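# Reading the structure
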Amino acid sequence: MSKVENLEKIIEQFGPHLHDAPHEGWKSDRVIDKIVPTHCPYCAVQCGMNLLVSENHVVGFEPRYDFPVNEGRLCPKGVTAYLQTHHPDRLLYPLVKRNGNFERASWDEALDLVATRFKEIQEKYGKDAVGLYSGSSLTTEKTYLMGKFARVGLQTRYIDYNGRLCMVSAAAGNNKAFGIDRAANPWHDIPLAEVLILAGANCAETFPVLNKFLWQQRDNGGVWIVIDPRETPTARQGDLHLQLKPGTDVAVANGMLNVIVRENLIDEEFIRNHTNDWDAARAVVEKFTPDVAAQISGVPAEKIVQAGLLYGRAKTGMIMHARGIEHHTNGVNNVLSYINIVLATGKIGAPGRGYGTITGQGNGQGGREHGQKADQLPGQRSIMNPEHRKYVASVWGIDESELPQAGVSVVEMFQKMREGEIKGFLSLCNNGMVSLPDTNRIRQSLEGLEFNVNIDFFMSEASRYADVVLPGTTWAEDEGVTANSEARVVKINKAIDPPGEARPDWWIVIELAKRLGRGQYFNFNSPREIFDELRVASKGGNADYYGISYEKIERQYGVMWPCPTEEHTGTPRLFEDKRFYHPDKKAKFHAIEYNPPAEVPDAEFPLALTSGRVVYQYLSGNQTRRIGFLVQQCPEPYVEIHPETAMKLKINDGERVKVVSRRGEGVFPALIVRTIRPDTIFIPYHWGEQLAANQLTNPALDPTSKIPEYKACAARIEKIHARELPILGKGRKGASQSEVQRGK
C-alpha cells in the first residue's frame, strides 16, 4: 500500500526547503562558459530567455531580446526559474520506499523492481490494471512518448494527462465549433482589435508578459471588456468589468449576443455561407434578454448591453478566455457560448478579428496534441476513429487490433483506483495531491494502490505516496519542443547535464519498455529521434507537425502548426479562407441553455468559493514553493473576503478563519478586499496538505470535457480563536527573510 508514514522525515530530507542563490552562491568573478538560448519552463507564453552556464551549472540568465513574443521581458517566476536546476532539494538518485522510508537504490534495482511489479499486476488483473498519468509541462517529445508507452509498452487503455485539469473544456469547445483545437489567431493580432473581451482570464498575474500585447491594443485606442467574479489586476486595467457570479458565464454571453441580435449587428452573409445551426442558437439567445441575464449573473443589465454594443459595433474584435470560464461542470458550454458571439459577428480569420484560448501550462497546447489524452492519438487524432487507429498503428509497427480503446479522465482514473480496478500507477510531471479536486479522496486513491511509481526532479506531495521515485530532469537538462498558447512550436535547448544520477524522462521510459519486453518499439537514442517519429505520426492530422524541424523552429523563432510540408512555413492565423475543419468546412453554432454550477450556495454553505493562481506561484507549487524570493512575496494561501461579508462574520483582516465545504475544511488568513463579490470568496491553490484549497473543491465533472469544477462550489466561513497555523516544514533550511520576520 502506498501510504506516507514518516511525513516530517520526508520533508526534512526532500523539502520543500527555500533556496535563493545559484550554485556556490553569488560570485562576481565567475567565468561564463556558454550562453544557451531557450524558453521559460512555466506558463504557455513560453518567453525566450538565455541561460548562463559555468562549469555545467546554470548560474544565471540574461534577457533574450530576439524572441518576438516577450522581447526580453520575464515575470518573477521566469527571472528565478534557473534556481531550480541546482536546488538542494533535487532528487539525485532512484529511491525505493522500505518500511515507510525512502532509501537509495541503483537504476538497475529500481527499474527492475518497477518492471517486475507492473508485470505481476498485469498478469494477475489484466493489462488495464496499470494506469499512467502524464503532464503538460513536458516537452512534446515526452508527451508523445508517454502516449505510445501506455498503448504499446504497457498495452493499457488508462492514460491521461494533467491538462485534463486545465485546457480540455476549451479543447472540446473548439473542436465542437471549429473542428480543430487551436487558438485561431496569433498574438500579434491582439493590438489590431478595437475591442478585446477577456473572459475568466487574469492575464496580469497568470500570463504577465502576454500583457505586452494587451497594452499595445490599449495604446492603439482599443477597449477591454473583462468578465470575472473578481476585480483582478486585469479587470482594474479594463474599460468595462462584468463582475458575474461564479458559473454564470452562459447567461452573460447569451445576454450580450441577445443585444447584438436585437441591434442587427450580426454578419448575416458569414452566418449563411460559413456556419450551421444558427437558428437553434438564436432561438435560445432570444430568451436571454439583458434583464434575464442580469438576474442570473448579478451583472447589471446596462453593463451587459454596453458590452454587447461595444463588441457588436466594432469592426475588429477578439475574444480570449482562460480557466475562469473552463473550470466548470458547464465549462464546454461556457466556451461555446462565447464562440457563438464570434461566429454571429463573423469576427474570425482576419487580422484583429478572432478568438483564442489562453493555455495554462508551458506545453498545454503541445501536451494535448499527440496522444497522452485518454481518447487521443498523435496529430489530434481520435483513438475511436478506425482510420486514425490504422494509420498510427502502422507508424508504431503494431496491428490495429493491438491498440487499446479509449481510457477515462484522470479524475475518473482515481475513482477506479478507489474501486480497485487500477492497481498500479506511473505518474510523471504532476502533483495530484495539490492539483486534483477533493484531495482527501485523492489520498484514499493513492493509499489503495498496490504499486505506485513517480518520476520527478523534486519530491512533490504526490511523490511521497510512491513506492519508487525516479529522478528526472528539469527543462534545462534536456532538449525538445513545446507549443505556446498561440500554437507556436518553440525549441527548448539543453544547457547542462543532469546532476547526480538523474536521467532524462524519455530515457527512463525507454528503459522500462525494454524491461517489459517491448523495447523493439522504442528504439530512440535522443529527443530528435522521438520528434522525427512524432512528425510522421502527426502527418495528415489536424495538428500536423510533419514539416516542422528543429532547424526551422530556430530559424523562424517558432513554427505555428499545421505545417504539412518541409517547404511550408506554418499557419499563424486559421480560417483566413473561411473554411473550417468540419467535413462540410463550416463552423457550428450551439444552442446553449444556462445551467447552474453543480453546487450552489444555500443556508448551510452560503458563499461561492472560487480558486485560482497568484503571480508568484505556479500550478501545484512543487517548483516555486522552493524559491526563496517567490515565497517571500506569497508565503501561504489566504481567503479573499469582501468587507460586507467580513463585517457580518466579525472577521478582521489577517485573522485566521476556517473555510468549510461539503468535502473538507482548511484554515487560512483572511484578506479583506473590495475586489471580490460579497457572495464569493477566493483561495489560491498552489499549496498542499492542510493548506490545500483543493481539500474543499468539488470533483463534479463537465459531462463532455471531464474537467472538475474548481471555480464554483458552496462554502462557509467559521470564526476561530487560534491565531497561529503551522506551516508545513517550518524547520526547513534556508528560510526566507520574510518567514524569519514572521517568526515562522
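These numbers come from a predicted model, not from an experiment.

## Looking at the overall build of the protein
Assigned secondary structure in the protein consists of 25 helices and 30 strands. Relative to a compact globule of 744 residues, whose C-alpha radius of gyration would be 27 Å, the protein shows 25 Å and is just as compact. The principal-axis extent of the C-alpha atoms belonging to the protein is close to 70 × 65 × 60 Å. Within the protein, buried positions represent 67% of all 744 residues.

## Points about the packing of helix 9 (residues 249–262) against helix 15 (residues 331–345)
As a packed pair, helix 9 and helix 15 sit with axes 8 Å apart at the nearest point and diverge in direction by 15 degrees. The angle between helix 9 and helix 15 places the two elements in the roughly parallel class. Crossing angle aside, the handedness with which helix 9 passes helix 15 is left-handed. Counting all contacts with helix 9, which are made through Asp249, Val250, Ala253, Asn254, Met256, Leu257 and Ile260, the residues of helix 15 involved are Asn333, Asn334, Ser337, Tyr338, Asn340, Ile341, Ala344 and Thr345. Grouping the amino acids of the contact of helix 9 with helix 15 by side-chain chemistry returns 8 nonpolar, 6 polar and 1 charged.

## Observations regarding the pattern of salt bridges
Pairs may arise between side chains of opposite charge once their charged atoms sit close together. Taken as a whole, this structure holds 47 salt bridges when the rule is applied. Glu461 serves as the salt-bridge partner of Arg625, at 3.0 Å between the closest nitrogen and oxygen. Taken together, the positions of Arg625 in the loop between strand 23 (607–612) and helix 23 (628–633) and Glu461 in the loop between strand 17 (451–456) and strand 18 (468–471) put the pair 164 residues apart, joining distant regions of the chain. The network of salt bridges with common partners includes Asp108, Asp112, Glu511, Lys514 and Arg515.

## Some points on the packing of helix 4 (residues 140–154) against helix 20 (residues 505–515)
Where helix 4 meets helix 20, the closest approach of the two axes is 10 Å, and the angle between their N-to-C directions is 15 degrees. Taken as axis vectors, helix 4 and helix 20 run roughly parallel relative to one another. Like other packed secondary-structure pairs, helix 4 and helix 20 cross with a definite hand, here left-handed. Side by side, helix 4 and helix 20 meet where Lys142, Leu145, Met146 and Phe149 of the first sit next to Asp505, Trp506, Val509, Ile510, Leu512 and Ala513 of the second. Across the contact of helix 4 with helix 20, the residue classes break down as 8 nonpolar, no polar and 2 charged.

## Some words on the pairing of strand 13 (residues 353–357)
For strand 13, a buried count of 5 out of 5 residues is recorded, marking the element as mostly surrounded by other parts of the structure. Going residue by residue along strand 13, you find Arg353, Tyr355 and Thr357 tucked away on one face and Gly354 and Gly356 tucked away on the opposite face as well. Of the pairings in the sheet, the one linking strand 12 (residues 317–321) to strand 13 comprises 5 bridges and is parallel in character. Bridge pairing links Met318 to Gly354 in strand 13.

## Remarks on the packing of aromatic side chains
Tallied over the entire structure, the rule returns 22 aromatic pairs. With a centroid separation of 6.4 Å and 80 degrees between ring planes, the pair formed by Phe270 and Phe580 is classed as edge-to-face. Pair noted here: Phe270 is in helix 10 (residues 268–274) and Phe580 is in the loop between strand 21 (559–560) and strand 22 (587–588), with a separation of 310 residues, a long-range link. For the pair Phe270 and Phe580, one class covers both residues: buried. With centroids separated by 6.3 Å and ring planes inclined at 80 degrees, the aromatic side chains of Tyr616 and Phe629 adopt a geometry described as edge-to-face. Taken together, the positions of Tyr616 in the loop between strand 23 and helix 23 and Phe629 in helix 23 put the pair 13 residues apart, joining distant regions of the chain. The partly exposed category is assigned to Tyr616, whose relative accessible area is 25%. Since its relative accessible area comes to 36%, Phe629 is described here as partly exposed. Grouping aromatic residues by their ring pairs yields a cluster made of Phe178, Phe270, Tyr355, Phe575, Phe580 and Tyr581. Above the plane of the ring of Tyr546 lies Arg535, whose end atom (NZ or CZ) is 5.4 Å from the centre. Over the aromatic face of Tyr546 sits the side chain of Lys539, whose NZ or CZ is 4.3 Å from the ring centroid.

## A few points about the nonpolar core
Grouped together as the largest cluster of nonpolar side chains are 116 residues, with contacts concentrated most on Phe149, Phe178 and Ile227. Three or more residues apiece are contributed to this core by two domains, here domain 2 (95–166 + 363–560) and domain 3 (171–357). Apart from the residues within four sequence positions on either side, Phe178 is in contact with Ile339, Leu343, Ile348, Tyr355, Phe575, Phe580, Tyr581, His582 and Ala587. Core analysis: the next-biggest nonpolar cluster, separate from the first, contains 63 residues, Val69, Ile492, Ile627 and Ala646 among them.

## Observations concerning the domain arrangement of the protein
Considered domain by domain, the protein is made up of domain 1 (7–84), domain 2 (95–166 + 363–560), domain 3 (171–357) and domain 4 (607–742). Every contact between the two is made by 24 residues of domain 3 and, on the other side, 23 residues of domain 4. When the two sides are added together, the surface that domain 3 and domain 4 hide from each other amounts to roughly 2000 Å², 57% of it contributed by carbon and sulfur. For the domain 3 face of the interface with domain 4, the top three residues by lost area are Arg230, His327 and Thr329, together amounting to 35%. Linking domain 3 with domain 4 are 1 salt bridge, by the criterion used here. For Arg230, the salt bridge is made with Glu640, and the minimal N-O distance between the two is 2.9 Å.

## Quick notes on helix 4
An α-helix turns once every 3.6 residues. As a result, residues three or four positions apart point the same way. Between its first and last C-alpha, helix 4 extends 20 Å over 15 residues, near the 21 Å set by a 1.5 Å rise per residue. The sharpest bend along helix 4 reaches about 30 degrees and sits at Lys148. Counting buried residues along helix 4, 15 of its 15 residues qualify, which places the element largely inside the surrounding structure. Downstream of helix 4 by one or two residues, Gln155 has phi in the positive range, about 60 degrees.

## Brief notes about the side chain of Arg381
Its location among the elements puts Arg381 in strand 15 (residues 381–382). Here Arg381 occupies a buried position and makes no salt bridge, while the nearest side chain of opposite charge, Asp544, is found at 6.8 Å. From its side chain, Arg381 meets the backbone oxygen of Pro378 in a polar contact 3.3 Å long. Those residues in contact with Arg381 that sit more than four places away from it in its chain are Asp375, Gln376, His388, Tyr391, Val392, Ala537, Ser538, Lys539, Gly540 and Gly541.

## A closer look at the side chain of Ser538
Of note, Ser538 is situated in helix 21 (residues 527–538). A distance of 2.9 Å separates a polar atom in the side chain of Ser538 from the backbone nitrogen of Tyr545. Sequence-distant contacts of Ser538, defined by excluding residues within four places in its chain, comprise His370, Pro378, Gly379, Arg381, Ala543, Asp544, Tyr545 and Tyr546.

## Considering the pairing of strand 3 (residues 57–63)
Inspection of the sheet shows strand 2 (residues 48–54) paired to strand 3 by 6 bridges, in the antiparallel sense. Bridging across to strand 3, Val53 finds its partner in Val58. Taking the residues between adjacent antiparallel strands as the criterion, strand 2 and strand 3 are bridged by 2 residues, where Glu55 takes a positive phi near 55 degrees.

## What to know about the sheet that holds strand 10 (residues 240–242)
Taken in spatial order, the 5 strands make up an open sheet running 10-9-8-12-13, and their pairing is parallel. Among the strands making up the open sheet, the edge pair consists of strand 10 and strand 13. For this sheet, the mean angle separating the axes of adjacent strands, direction not counted, is 15 degrees. Contacts from helix 13 (residues 301–313) reach strand 8 (195–199), strand 9 (223–227), strand 10 and strand 12 within the one sheet, and its direction differs from that of strand 10 by about 125 degrees.

Analysis parameters
- Position numbers for residues start from 1 in each chain and track the written sequence from start to end.
- Residues qualify for local features only when their pLDDT is at least 70, as the model is predicted, and side-chain atom pairs are given and counted only at 80 or more; totals for whole chains, interfaces and linings, by contrast, use all residues.
- As a convention, hydrogens and water are excluded, and side-chain values are obtained from all of the structure's heavy atoms.
- Numbering of helices and strands runs from the N terminus, with a helix taken as a DSSP run of H or I at least four residues long and a strand as a DSSP run of E at least two residues long.
- As defined in this context, the radius of gyration uses C-alpha atoms, and a globule is described by 2.2 Å times the residue total to the power 0.38.
- Relative accessibility decides the category of a residue: with a 1.4 Å probe and only protein chains considered, values under 20% of the type maximum give buried, values over 50% give exposed, and everything between is partly exposed.
- Geometry is summarised by axes, namely lines fitted to C-alpha atoms with helices restricted to the contacting stretch, and by angles between N-to-C directions that run from 0 to 180 degrees.
- Angular relationships are summarised with four words: roughly parallel below 35 degrees, roughly antiparallel beyond 145, roughly perpendicular across 65 to 115, and oblique for the angles in between.
- When the near helix sits turned anticlockwise from the far one by under a right angle, the crossing is termed left-handed; a clockwise turn instead gives a right-handed crossing.
- Contacts: residue pairs with any heavy atoms within 4.5 Å of one another.
- When residues are sorted by character, Ala, Val, Leu, Ile, Met, Phe, Trp, Tyr, Cys and Pro go into the nonpolar class, Asp, Glu, Lys and Arg into the charged class, and all the rest, Gly among them, into the polar class.
- A pair is scored as a salt bridge if a Lys or Arg side-chain nitrogen falls within 4 Å of a carboxyl oxygen belonging to Asp or Glu.
- Should DSSP find at least two bridges between two strands, the strands are regarded as paired.
- Centres within 6.5 Å make a pair out of two Phe, Tyr or Trp rings, where for Trp the six-membered ring is used; the pair is then stacked when the planes are under 30 degrees apart, edge-to-face when over 60, and tilted otherwise.
- Geometrically, a charge over a ring is one whose NZ (Lys) or CZ (Arg) sits within 6 Å of the ring centre while staying within 35 degrees of the ring normal.
- To define a nonpolar core, start from buried Ala, Val, Leu, Ile, Met, Phe, Trp, Tyr and Cys residues and group those joined through side-chain atoms within 4.5 Å.
- For every domain, the bounds stem from an assignment made automatically or drawn from a database.
- Take the accessible area each of two parts loses on contact, using a 1.4 Å probe, and add the two losses: that sum is the buried area.
- Expected helix span is given by 1.5 Å per residue-to-residue step, counting one fewer step than there are residues.
- Note that the bend at a residue is defined as the angle between axes fitted to the seven residues ending at it and the seven residues starting at it.
- Just so you know, the count uses Lys and Arg for positive and Asp and Glu for negative, and it drops His and the chain ends.
- Any pair of N or O atoms that falls within 3.5 Å is considered a polar contact. Within protein, one atom must be able to donate a hydrogen and the other to accept it, and sequence-neighbouring residues count only if both atoms are side-chain atoms.

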